[in-house]
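Chains, contacts and geometry: an overview
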Amino acid sequence: MRFKIAVVQFKIKQFSPEENLKKAEVFIRKASRKADIIIFPEDFLIGGNIKEEFVDYKKRYRKTFQNLAKKYKINIIPGSFTEGEKTGLYNTSYFIDSKGRVKARYRKINLWLTERKKINFGNKICVFNTKFGKCGIVICWDLIFPEIFRRMASKGVKIIFCPSLWYRSWRDYVKYNKEAEILHVNALCQARSIENQIILIYTNASGKLVTSDGNQDEAIGHSQITAPIKGVIKRLNHRKEEMFIQEVDTKILDIEEKYYRIKQDIKKRIL
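Residues numbered from 1 in each chain as written. Predicted model: local features only at pLDDT ≥ 70, side-chain atom pairs only at ≥ 80, totals over all residues. Heavy atoms only, no water.

**Some details on the overall build of the protein**
Within the protein, the secondary structure is distributed over six helices and 15 strands. What you see for the protein is a C-alpha radius of gyration of 17 Å, in line with the 18 Å of a compact globule of 271 residues. In terms of overall dimensions, the protein has a C-alpha envelope of 50 × 50 × 35 Å along the principal axes. Burial analysis of the protein (271 residues in total) assigns 57% to the buried set. When contacts within the protein are restricted to residue pairs at least 6 apart in sequence, long-range pairs at least 24 apart make up 66% of them. Roughly 12700 Å² of accessible area belongs to the protein as shown, and the carbon and sulfur atoms make up 48% of that amount. Each charge class in the protein can be summarised by its mean position, and for the 54 positive and 30 negative side chains these summaries are 5 Å apart. (Helix = DSSP H or I, 4+ residues; strand = E, 2+ residues; numbered from the N terminus. Rg over C-alpha atoms; globule rule 2.2 N^0.38 Å. Buried < 20%, exposed > 50% of the residue type's maximum accessible area, 1.4 Å probe, protein only. Contact = heavy atoms within 4.5 Å. Areas by Shrake-Rupley, 256 points an atom, 1.4 Å probe, with all protein chains shown as cover. Lys, Arg positive; Asp, Glu negative; His and termini not counted. Charge placed at Lys NZ, Arg CZ, Asp CG, Glu CD.)

This is the structure:
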């Protein structure tokens, strides 16, 4: 199955959801002429710093993207946003089809350390059917936990979308490697796609932001699409805002399965 996906490495204007929404619509309009799917980064409307005034209790952002999907006739993964329920707050992502219907909802399972102070852990993996094949969604820090990918692979997923807000994080390890986070993301994207026989679409943000712990940091960018055999299909090797449109073909997954039989073994051995 061949399809085209628009990956938006979005430069976030922090705490300015209306401005970010307007710019998102520009990207959606441009992508709608050429792509089947468009994906945005994690928490790209607000900028990764959880504040009560920006919690979406009424599903306003989801409804906005449903309208945009229907208007421009394109499937959208609208990054993620903090939604509020009676049970608490959740970092939530969706797959919205080109008719504006919600095909899937995912609540982030593996929360980053500072998120855990305010956000509830999700507890369900997200696997769903589309005309492009069986798909799944993870968010950012999920990338570092192979177990969630294994569980999704056992259900036959072929394409996994990963909206992310991954920072450079100037910690003590910069004396060993100042580009450590870039190294980690690049390695993880390739490993997850190879070991689980999937096409992974990783979308990160751009720009300098104030993080949840009050420090300033910078998103590393490096949005990319990886697949078995091919490795990196397309990667933005920078931290600037950019959208790229890339055709992918899930046939390569069948070729890998023919010779490696990874999915067969996963289904037999999954814990």
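Once you've had a look at it, read on.
**Describing helix α3 (residues 146–154)**
What α3 keeps buried is the set Ile148, Phe149, Met152 and Ala153. Take α3 and look down its axis: the buried residues cluster within an arc of 135 degrees, on one side only. (Arc of directions from axis to C-beta.)

**Description of unusual backbone geometry**
A positive phi is found at aspartate 43, a non-glycine position, where the angle reads about 50 degrees. For aspartate 43, the location among the structural elements is in the loop between β2 (37–39) and α2 (60–72). For histidine 222, which is not glycine, the phi dihedral falls at a positive 60 degrees. Checked against the element boundaries, histidine 222 lands in the loop between β12 (216–218) and β13 (224–227).

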